[in-house]
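Chain and residue survey
The residues making up each chain are set out below.
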Amino acid sequence: MNKTIDIQALIDSKNGQVTPSIYTDPEIYELELERIFGRCWLFLAHESQIPKAGDFFNTYMGEDPIVVVRQKDGTVKAFLNQCRHRSMRVSYADSGNTKAFTCPYHGWSYATNGDLIEVPLEPRAYPQGLCKSKWGLQEVTKVASYKGLIFGTWDENAVNLEEYMGDMAWYLDGVLDRREGGTEIVGGIHKWTIDCNWKFAAEQFASDQYHALFSHASAVQVLGAKPEDEQKALGSGQTARPVWETAKDALQFGQDGHGSGFFFTEKPDANVWVDGEVSDYYRETYPEALERLGEIRALRLAGHNTLFPTLSWLNGTATLRVWHPRGPNQVEVWAFCITDKNAPEEVKAAFERSATRAFGPAGFLEQDDSENWVEIQKILRGHRARNSQLCMEMGMGNEKIRDDGVPGITNYIFSETAARGFYQHWANLLSSQTWQEAKAKTDAYQKTLVENSKETA
Ligand code: FES
Ligand code: FE
């Protein structure tokens, strides 16, 4: 079967339609591992997690286990966490500090630079000689950092990380560059699985503010039941009228599979989901954020974001997460709490509490989201269901290029511009021999999109 033709047929972003077998087909999943997770820049770790030589952090690129290690010279390398003898994991703690990685199966040892340095009973077991330099750990082809976030790619022809991020960097800076000193990861990492395809989560964070009105309605009602002065202290503007009516403006951005959306308000502390300490902190640090980021990003409220394919975050609630795929029907969530490095300790603790309460594995908002995704995945077991087209038409034809410093292709926040872009780029990657070929197709799609838009300046 020729998947190249089939995949493009499953995505009709020009007409806003998608066939949901993309969420269930094992053959498509295999192709994703090769052509998405084997080519794209993927988030590995935060610099603050491995500050010293020998510090390591274990993660994944797709389903491949990866160990990220701080080198003696201060640089960072990443390796496939796979012993070259019989494929055992050589680093099995979540994180730590080490001089070497010793395989628990037969005891081969690797230096932190990946070299195979020790083989038990080497002279007797390999009397013919063993060329150890041939059997070092496989190194991730390219590793690069962007303002504290470390990424890796297996693609030797990959464009540099900044080029890969494109205009999404402007949105990511809203988290990473809010204050002098940058960011750090606070506390441990929450890890859990959800029985759904990874794309439901990644796409929702790229493109879907719409679900919040309904899926999170009960949470909004609980907050709405608070005394009015308390609501005012939260500064959400949700007291009398919904935020989409009171916000100064709202936008969605979609480009190269990345997506972001947020409201921005009159007040710098306007976030409904966080503790009072956090609201105070936003208020107090607003002048610095304004100077560094400009008004639109300094005033953003609860923005949702995905850097294609699987790094997502929410402005204001400090959750940064990776959607590690686990077969077509399961995703493993890794949720980090990211805060400004220069925030006071009690504010960092408040961010951690807020992130856990709202978006931890039992978070009151997280549960609303995963309940939907799990149910959808069950429905798609049905042959008829998984071959019935879904509507993705929201906001079609209303894309525009803004003239107020907001970069990229944008739309009103209630839109599926970013979702259509996400799936179009996804299909382009699966049906192309190289990332560059896929990008050229995505560029052509985006060019047409803006040219056809009614509101293009
Ligand atoms: Fe690692 Fe044998 S599998 S030493
Ligand atoms: Fe949600």
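Numbers given for residues are sequential positions, taken from 1 along each chain in its written order. Chains and ligands are labelled by the order in which they are written, letters from A for the one and numbers from 1 for the other. Predicted model: local features are reported for residues with pLDDT of at least 70 only, side-chain atom pairs are reported and counted for 80 or more only, and whole-chain, interface and lining totals are derived from all residues. Where side-chain values are given, they derive from all heavy atoms of the structure, hydrogens and water being excluded.

**Structural notes on the coordination of the iron ion (ligand 2)**
Put simply, the ideal angle at a metal is 109.5 degrees for four donors in tetrahedral geometry and 90 or 180 degrees for six donors in octahedral geometry. Worth spelling out the cut-off: Keep in mind that water is not among the atoms, so a site may look incomplete; donors are the N, O and S atoms within 2.8 Å of the metal, or 3.2 Å for Na, K and Ca. Square planar and octahedral sites, with four and six donors, are those where opposite donors lie more than 155 degrees apart and all other angles lie between 65 and 115, tetrahedral sites have four donors with every angle between 85 and 135 degrees, and the rest are irregular. Whether a residue is buried, partly exposed or exposed follows from its accessible area with a 1.4 Å probe, protein chains only, as a fraction of its type maximum: under 20%, in between, or over 50%, in that order.
Protein-derived ligands of the iron ion (ligand 2) are His 211 (NE2), His 216 (NE2), Asp 369 (OD) and Asp 369 (OD), with the metal-ligand distances lying across 2.1 to 2.5 Å. Considering all four donor atoms around the iron ion (ligand 2), angles at the metal cover 54 to 136° and the coordination shape is irregular. On the accessibility criterion, His 216 (6% relative accessible area) is buried.

**Section: the sheet that holds strand 4 (residues 55-61)**
Test applied: Strands were regarded as paired on the criterion that DSSP finds at least two bridges between them. By definition, any uninterrupted DSSP run of H or I lasting at least four residues is a helix, any uninterrupted run of E lasting at least two residues is a strand, and each is numbered from the N terminus. Angles run from 0 to 180 degrees between N-to-C directions of axes, and those axes are lines fitted to C-alpha atoms, restricted for helices to the stretch in contact.
Pairing within the open sheet is antiparallel, and its four strands lie in the order 6-5-4-7. Whereas interior strands pair on both sides, the edge strands pair on one side only; in this sheet they are strand 6 (76-80) and strand 7 (95-97). Averaged over all pairs of adjacent strands, the angle between strand axes in this sheet comes to 25°, irrespective of strand direction. Here six bridges tie strand 4 to strand 5 (residues 64-70), and the two strands are oriented antiparallel to one another. Of the residues in strand 5, the one forming a bridge with Phe 56 is Val 69.

**Digging into the pattern of salt bridges**
Where we set the bar: Salt bridges, as used here, are contacts in which a Lys or Arg side-chain nitrogen is within 4 Å of a carboxyl oxygen on Asp or Glu.
Per the stated rule, a full pass over the model turns up 27 salt bridges. With its nearest N and O atoms 3.7 Å apart, the salt bridge here joins Asp 94 to Lys 191. Separated by 97 residues along the polypeptide, Asp 94 in the loop between strand 6 and strand 7 and Lys 191 in strand 13 (residues 183-194) bring together distant segments of the chain. Its relative accessible area of 34% is what places Lys 191 among the partly exposed residues. Put simply, Lys 147, Asp 173, Asp 177, Glu 180 and Arg 292 are held in one network by salt bridges that share partners.

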